[in-house]
Amino acid sequence: MLGLGADRLRADMNRLLALLFHQGVLDEQFLQLQQLQDETSPNFVSEVVNIYFHESEKLLRNLRGLLMDREFSDYKKMGIHLNQFMGSSSSIGAKRVRNVCVAFRAASEQNNRAGCLRALELVEHEYCYLKNKLHELFQLEQQRVLAAGVRYPIQN
């Protein structure tokens, strides 16, 4: 008999994913990413998402660095960073992060520094929420895999 907790953990994962879709945090692109994962690449989604996290941290640092510079005026450079962030967010299905990036880009196109600072705070907030929830999802997945591999003796 397979691990008894595996079914409960799968149900927990499904509830968390349903919540993230209901909240608009994720979109169908995340499901498409999950469909690419199989036995030959069992960690595909977490590996792709971890690359996204690593690259996003750099982009967020760059955006914050640009805005903290008192002499800042290179809104075109900011737009390039935002386009990269929006594209990578879209590719993993990070819908709310992508959506707040759109508002950020609008502020940068208007050379609105105060609007950019507010938008950066929103982007960072949404990004942190996404990162925490996806880490939670991946931990549940690891626990489920471990629980599914545990075999209990059948009692007579």
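Note that this is a predicted model, so its numbers are computed, not measured.

## What to know about the UniProt feature "domain: HPt" (unreviewed entry) in the protein chain
For step 1, the next point in the chain: On the UniProt side, "domain: HPt" (unreviewed entry) is annotated at positions that read residues 47–130 here.
For step 2, the next point in the chain: Taken end to end, residues 47–130 comprises 87% helix and 0% strand; its first and last C-alpha atoms sit 15 Å apart.

## Examining the pattern of salt bridges
Opposite charge on two side chains makes pairing possible when the charged atoms of those side chains draw close.
For step 1, the next point in the chain: Counted under the stated rule, the structure contains ten salt bridges.
For step 2, the next point in the chain: The shortest N-O distance in the salt bridge between Asp12 and Arg15 comes to 2.3 Å. On the criterion of helical spacing, the pair formed by Asp12 and Arg15 is a turn pair, its members being three residues apart in helix 1 (residues 5–22).
For step 3, the next point in the chain: Judged by its relative accessible area of 21%, Asp12 falls in the partly exposed class.

## Quick word on the packing of aromatic side chains
For step 1, the next point in the chain: With the rule as written, the count across this model stands at six aromatic pairs.
For step 2, the next point in the chain: Three or more aromatic residues link up through ring pairs in this structure, and these residues are Tyr52, Phe53, Phe85 and Tyr127.
For step 3, the next point in the chain: The aromatic ring of Phe53 is capped on one face by Lys131, whose charged end is 5.6 Å from the ring centroid.

## Remarks on the nonpolar core
Within soluble globular proteins, side chains that are nonpolar tend to cluster in buried spots.
For step 1, the next point in the chain: Among the nonpolar cores identified, the biggest contains 43 residues, and Val49, Tyr52, Met78, Phe85, Phe104, Leu130 and Leu134 are the most heavily contacted of them.
For step 2, the next point in the chain: Only helix 1, helix 2 (28–35), helix 3 (44–68), helix 4 (75–92), helix 5 (95–109) and helix 6 (113–149) provide two or more residues apiece to this core.
For step 3, the next point in the chain: Those residues in contact with Leu130 that sit more than four places away from it in its chain are Val25, Leu26, Tyr52, Ile92, Ala94 and Val97.

## A look at unusual backbone geometry
Across residues other than glycine, the phi torsion is negative in most instances, and most of the peptide bonds are trans.
For step 1, the next point in the chain: Within the chain, Asn111 stands out as a residue other than glycine whose phi angle is a positive 55°.
For step 2, the next point in the chain: Position of Asn111 relative to the elements: it lies in the loop between helix 5 and helix 6.

## What to know about the state of the cysteines
For step 1, the next point in the chain: Summed over all chains, the structure comprises zero disulfides.
For step 2, the next point in the chain: No disulfide involves Cys101; its sulfur sits 12 Å from that of Cys116, the nearest cysteine.
For step 3, the next point in the chain: The buried category is assigned to Cys116, whose relative accessible area is 0%.

## Focus: the environment of Glu124
For step 1, the next point in the chain: Tracing the sequence through the fold places Glu124 in helix 6.
For step 2, the next point in the chain: According to the relative accessible area criterion, Glu124 is partly exposed, its value standing at 21%.
For step 3, the next point in the chain: A C-alpha to C-alpha distance of 36 Å links Glu124 and Ala148, two positions 24 residues apart in sequence.
For step 4, the next point in the chain: Sequence-distant contacts of Glu124, that is, excluding residues within four places in its chain, are made with Leu60 and Arg64.

What counts as what
- Residues numbered from 1 in each chain as written.
- Predicted model: local features only at pLDDT ≥ 70, side-chain atom pairs only at ≥ 80, totals over all residues.
- Heavy atoms only, no water.
- UniProt positions renumbered as here; feature names shortened; annotations may be inferred.
- Helix = DSSP H or I, 4+ residues; strand = E, 2+ residues; numbered from the N terminus.
- Salt bridge = Lys/Arg side-chain N within 4 Å of Asp/Glu carboxyl O.
- Buried < 20%, exposed > 50% of the residue type's maximum accessible area, 1.4 Å probe, protein only.
- Phe/Tyr/Trp six-rings, centres within 6.5 Å; stacked < 30°, edge-to-face > 60°.
- Lys NZ or Arg CZ within 6 Å of the ring centre and 35° of its normal.
- Core = buried A, V, L, I, M, F, W, Y, C linked by side-chain atoms within 4.5 Å.
- Contact = heavy atoms within 4.5 Å.
- Disulfide = S-S within 2.5 Å.

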